[in-house]
Amino acid sequence: MAEPEIRLHQEKRKRGETETMEINMGPQHPSTHGVFRAVVELDGETVVKVVPHLGYLHRGIEKIAENRTYHQVIPLTDRLDYMAGASNNLGYCLTVEKLLGIEVPPRGQYIRVILTELSRISSHLFWAGANAHDLGAMTPFFFMVREREQILFFLEMITGSRLTPSFFRVGGMSMDLPPEFRDECMKFIKNFPPRVDEYETLLTENKIWKSRTQGVGYLSAEDCIKLGISGPMARAAGIDWDLRKNQPYSSYDKFDFKTVVYHGCDAYDRYRVRMMEMRQSNEIIRQALESLPEGDHSVTMKGTLKPPAGEVYMAIEAPRGELGFYIVSDGTAQPFRMKVRAPTFVNLQSLPKMCEGKLFSDMVAALSSVDLVLAEVDR
Amino acid sequence: MPESNMDLVASVILILVKIGVFFALFMLILAYVTLLERRLLGFFQERYGPNRVGWQGLLQPVADGIKMFMKEDVTVSEANKAVYILAPIVFVAAALMTFSVIPFGDVIWPATMEIGGRVYNFTLANANRGVIADVNVAILIVFAISSIGIYGLIMAGWGSNNKYALLGGVRAAAVMISYELAAGLALVGIIMTTGSMSLMDIVKFQGGCWFGVIPKWFCFTQPLAFVIFLIAVFAETGRTPFDFTECENELVAGYQMEYSSMKFALFYLAEYGHMIAASALTVTFFLGGWQGPFVDVPGLNYFLPVIYFCVKTFMLVFFFIWVRATYPRFRYDLLMKLGWKVLLPATLVNILISPFTMKLFGYL
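Rules and cut-offs
- Residues numbered from 1 in each chain as written.
- Chains lettered and ligands numbered in written order.
- Predicted model: local features only at pLDDT ≥ 70, side-chain atom pairs only at ≥ 80, totals over all residues.
- Helix = DSSP H or I, 4+ residues; strand = E, 2+ residues; numbered from the N terminus.
- Rg over C-alpha atoms; globule rule 2.2 N^0.38 Å.
- Buried ≥ 20, exposed ≤ 12 C-beta atoms within 10 Å, placed from the backbone.
- Contact = placed C-beta atoms within 7 Å.
- Pairing = 2+ DSSP bridges.
- Axes fitted to C-alpha atoms, helices over the stretch in contact; angles between N-to-C directions.
- Expected span 1.5 Å × (residues − 1).
- Core = buried A, V, L, I, M, F, W, Y, C linked by C-beta atoms within 7 Å.
- Parallel < 35°, antiparallel > 145°, perpendicular 65-115°, else oblique.
- Left-handed = near helix turned anticlockwise from the far one by under 90°.
- Nonpolar A, V, L, I, M, F, W, Y, C, P; charged D, E, K, R; others polar.

Student: Hey, could you run me through the overall build of chain A in this one?
Tutor: Across its full length, chain A holds 16 helices and eight strands. Here chain A has a C-alpha radius of gyration of 22 Å; the compact-globule value for 379 residues is 21 Å, and the two agree. For chain A, with 379 residues in total, the buried portion stands at 51%.

Below, the structure written as C-alpha cells:
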C-alpha cells in the first residue's frame, strides 16, 4: 500500500469508520451573496472538499457586447460588478480610449476618479457590513449601509442612478458635476473618517471578531500569485500591488495616497485592508475635489465610433482587484470580441484552497472575505 | 366534608388559578418580548423596527400569530413523523416548565381568608406563596427540565431529514450539554452558602443589605460564579454570540429549518421562553430574585416583590438583546474549548474559594 493509504487506514482504525456528508451550499444560501453554489463534503464539521459551481447568473454580457456599438456596451458593464458600477464604466472606457489613442481632459479624469472612489467606498462598506453579518454581527451592517446610502445619494445626484450610473462615455463624461455636489460631498468626506472609527470600535479589536477571522481563510502571498489573486485579498497577503500606483491611469499619479498592505494573509487582514482603503479613498476624493481643474469634461467625438483594427488590454484597480477589459476591434462600429477579466472570478478560485481542512464556519468567513459579486463572476 | 379537606380544596383552587394566570400572562409576555426584541434591535441599529401594526407596533405579535396560523403546515417527505411533531412540543414544554419552581414573589395571597362566613386556610402546599411549586430540589429540577429541552432540538434536527438541521441539532446537543455542566457547577457555591436547593430559600437568603445600601445578592459574594453562569445561560439559550444552533449564515436556520406554520412558531416562542427563563433564573440565583426595598411593608408585600422580580428579569432580557446587537457570533469549536478548558476549571476554582468567601462574609 502507498503511504497515504496506510495513513488513512490507521486514521480510520483510530477514529472508527466514519462517513462524510455532502451538503449543498447554495444556490440559495444566506452567505453566498447571490446565486453561488458550492458542494461541500463534510466530515463532522470539517470541510473535506469544496467544489464551486458557477453560472447561475450568466447573462452572456461578453457575447452581447459583440452586437452593440462601443457606446452601447457601457450600460452592460454596469451590470458586471453592480456594487461598484462606476469602476466597470471606467475600465471599459479607458480600454476603448487606449484603442483610439485619445486622452480625456483633466477635469473629466478628476470626475472619473471622484466617482470611482465613491463607488469603491460604497462597495467596501457594503462588503464590510455583509462580512460582519456573515459572522453573526448584525449592527455593523446597518451602520455601514447608512453611509452607503449617502454615497448612493451622491451617485444619484450626479448620474441619476444609484447603482448603475452609465455616466462615463468614451472620451470623457456624459455631463459635468452638478454645482451643489462639491459642498455636499465635502461635508460627507469630513464626517466619514469618524464613522469608520465607529465601525472599527465595533469590530476591529473585538475578541470574538478576531477569533473568528484571524488565521481564517489563510492564503499565502505565493499562493495568491499562483492563483492570480489581486486586489485587497493580495494586499492582505503582503503583496504591494495596486494598479492605481503601479500602472497609474486617469491621473491617479497626481494624488497622494498609500497602498494599504498587511501581512496576515487571513480574513482579518482583508477586513483591515478594506477599512484602511476606505480612508485612503476618502482622502483621494478630498484631494480631487479641492484641486478639481477647470475646463472641458470630455473630448468632442464626432460620428460613429469606429476604432482602428487591433487589440487592446487595459486594467484598472476595481474594489475587488484587477478589472481588465480585452477588446479586439476589426475596424467596424462593434467590438469583434470583448473579454472581461473579472477580479472576483479569479479570486474565487482560492476558495477550495482556503477552506479544505478547516471548519464549516470558517468556510463562511473565508467565502465572505473574497468579496463575492456573482454578477461579475458569471457575467 | 372534614374541615382540613376544605382547606385543601381552597389551596388547590388557588394553585390552579395561579397556574392559569401565570400561563396566560407568560404567553402574552412571550409574544411581546418578540416585539420588544425587534424594536430594541431597531433602536440599536438606527432603524425603526415594526411600528406599523397598531400604536408603536403593539399589535404586531397578534398579526404574526394570525399569519403563523394561516401558513400551510408542511411536513417534509421522509421525515421521521413522530419525532418531527414531538420536537417543538418538547421544546416549548421545557421552556414553560422551568417556571414551575422559580419564585416570582414572596406571599401573594393572605394565609387565611374569610369567605362566606368560613375561614379558609391557603397555606397548604405553599399555595399562597409566589411560586407554583416550592420544591426542595428545585435546582435539580431546573437542570433536568433544561436537559429535556435539548432533546427537542436534537429531535428536530434528527427528525426533519435535512443535513443542515442535523448539523444544528448536533451542535445544540454538544454545546448545551457542556454548558449545563458549567452552569450547574457554578451554582455549587450558592448551594454551599444557603444549604438549600429550594429557590425560595435561595432568594430569602439574599434579603437585607450590607451597610444599608449594598444588597446581599449572590452576584456580589459569588462574582465568578455569576459571570460563568451568565455565559453558560447565553450558550444554553442559544442566543448571540452563541447562536450556533440556528446560525443563519452557516446552517441557514439550523434545527428549525424544515418547520413551518405553528410548529415554527412554537420553536420561535420557546426560544424566547428559554431566554426569559434563563433571565429569571439568573435573577433568582444572583440578583436577589424578588428581594428589594420595602418588601416587608404590610399592604405592599403582596405585589411589590412580583414587580421587583419582573423588572429585574426584563433588565436581563434587555441585556440579552443588547448583547445580540453588539457581538459577532462565536465559533462552535472555540465555544466548546471555552466551555471545557476555561469555564469548567473556573467553576472548580469557584467551589474551592467558596468556603473562604463564606467565612469572609460571615456565613460560616
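From this point on, the discussion continues.
Student: Help me understand the environment of R239 of chain B, please; the structure alone is not making it clear to me.
Tutor: Residue and element names in this part refer to chain B. Secondary-structure assignment places R239 in the loop between α9 (223-237) and α10 (248-251). R239 sits in the partly exposed class, given 19 other C-beta atoms within 10 Å. For the pair R239 and R329, spaced 90 residues apart in sequence, the C-alpha to C-alpha distance is 9.3 Å.

Student: Sorry, what's going on with the interface of chain B and chain A here?
Tutor: For interface size, the figure often reported is the accessible area lost on association. Chain B puts 22 residues into the contact, and the matching count from chain A is 25 residues. Residue assignment for the side of chain B that touches chain A shows that the elements contributing at least two residues are α5 (163-186), α10, α12 (304-326) and α13 (332-360) of chain B.

Student: Honestly, the environment of F314 of chain B in this entry has me stumped. Any pointers?
Tutor: Residues and elements named next belong to chain B. Along the chain, the position of F314 falls in helix α12. A residue is classified by how many C-beta atoms lie within 10 Å of it, and F314, with 16 of them, is partly exposed. Along the primary structure F314 and A280 are separated by 34 residues, whereas in three dimensions their C-alpha atoms are 8.6 Å apart.

Student: Which parts of the structure should I look at to understand the sheet that holds strand β6 (residues 310-318) of chain A?
Tutor: As a general point, the strands of a sheet are linked pairwise by backbone hydrogen bonds and lie either parallel or antiparallel. Residues and elements named next belong to chain A. Read across the open sheet, the three strands follow the order β6-β7-β8; overall the sheet is antiparallel. The sheet is open, and its two borders are formed by β6 and β8 (335-341), each paired with just one other strand. Recorded for the sheet is a direction-independent mean angle of 15 degrees between the axes of neighbouring strands. Pairing between β6 and strand β7 (residues 321-329): nine bridges, direction antiparallel. What sits directly across from G310, in β7, is S329.

Student: Help me understand helix α5 (residues 106-134) of chain A in this model?
Tutor: Residues lying three or four places apart along an α-helix face the same way, a consequence of the helix completing one turn every 3.6 residues. All names here are of chain A. Taking 1.5 Å as the rise per residue, α5 with 29 residues should run 42 Å; its terminal C-alpha atoms sit 41 Å apart, in good agreement. Across the 29 residues of α5, 27 count as buried, placing the element largely inside the fold. Looking one or two residues past α5, G136 carries a phi angle of roughly 95 degrees, positive in sign.

Student: In this structure, what is going on with the nonpolar core? I would like to understand it.
Tutor: General note: in soluble globular proteins, nonpolar side chains tend to be found buried as a group. Counting 198 residues, the largest nonpolar core has A366 of chain A together with F91, A186, F229 and A232 of chain B as its most contacted members. The dominant element in this core, judged by the number of residues it contributes, is helix α11 (residues 261-286) of chain B, at 15 residues. Ignoring anything within four residues of it in the chain, the contact list for F91 of chain B reads G149, G152, L153, F267 and A270 of chain B.

Student: I tried to follow the packing of helix α7 (residues 181-203) of chain A against helix α12 (residues 267-290) of chain A on my own but got confused; where do I start?
Tutor: Axis angle and axis distance: for two packed helices, these are the angle between their axes and the distance between the axes, and together they describe the pair. Residue and element names in this part refer to chain A. The N-to-C vectors of α7 and α12 enclose an angle of 160 degrees; their axes lie 10 Å apart at closest approach. In terms of orientation, α7 and α12 fall into the roughly antiparallel class. Judged by the twist between their axes, the crossing of α7 over α12 is left-handed. Note on element contacts: α12 touches α7 through M275, M278, R279, N282, I285, R286 and L289, opposite R182, C185, M186, I189, F192, P193, V196 and E200. Residue classes in the contact of α7 with α12 are distributed as ten nonpolar, one polar and four charged.

Student: Hey, could you run me through the sheet that holds strand β1 (residues 21-25) of chain A in this one?
Tutor: All names here are of chain A. Read from one edge to the other, the open sheet built from three strands follows the order β1-β2-β3, with strand pairing classed as antiparallel. Strands at the two margins of the open sheet, each flanked by one partner only, are β1 and β3 (46-53). Each neighbouring strand pair of the sheet contributes to a mean axis angle of 20 degrees, computed without reference to strand direction. Strand direction decides the pairing type here: β1 and strand β2 (residues 37-43), joined by five bridges, are antiparallel. Bridged to I23 within β2 is V40.

Student: Just checking my understanding: could you explain α11 of chain B for this structure?
Tutor: Residues and elements named next belong to chain B. Relative to the 38 Å expected for 26 residues at 1.5 Å per residue, α11 spans 38 Å between its end C-alpha atoms, a close match to the ideal helical length. Buried residues dominate α11, accounting for 22 of its 26 residues. Just beyond α11, the residue with positive phi is G288, at close to 80 degrees.

Student: Would you explain the pairing of β3 of chain A in this entry?
Tutor: Side chains on a regular strand alternate between the two faces of the sheet. Residues and elements named next belong to chain A. Taken together, the seven bridges between β2 and β3 define a ladder with antiparallel strand orientation. In the sheet register, V40 faces β3, and the bridge partner there is V50. What sits between the antiparallel neighbours β2 and β3 is a turn of two residues, in which G44 has the positive phi angle 70 degrees.

Student: Please clarify how unusual backbone geometry should be interpreted in this entry.
Tutor: Most peptide bonds adopt trans geometry, and most residues besides glycine take a negative phi value. Residues and elements named next belong to chain A. You will see that S166, though not glycine, has its phi angle at about 45 degrees, which is positive. In this structure, S166 sits in the loop between α6 (139-159) and β4 (168-169). Residue S166 is classed as buried on the basis of its 20 C-beta neighbours within 10 Å.

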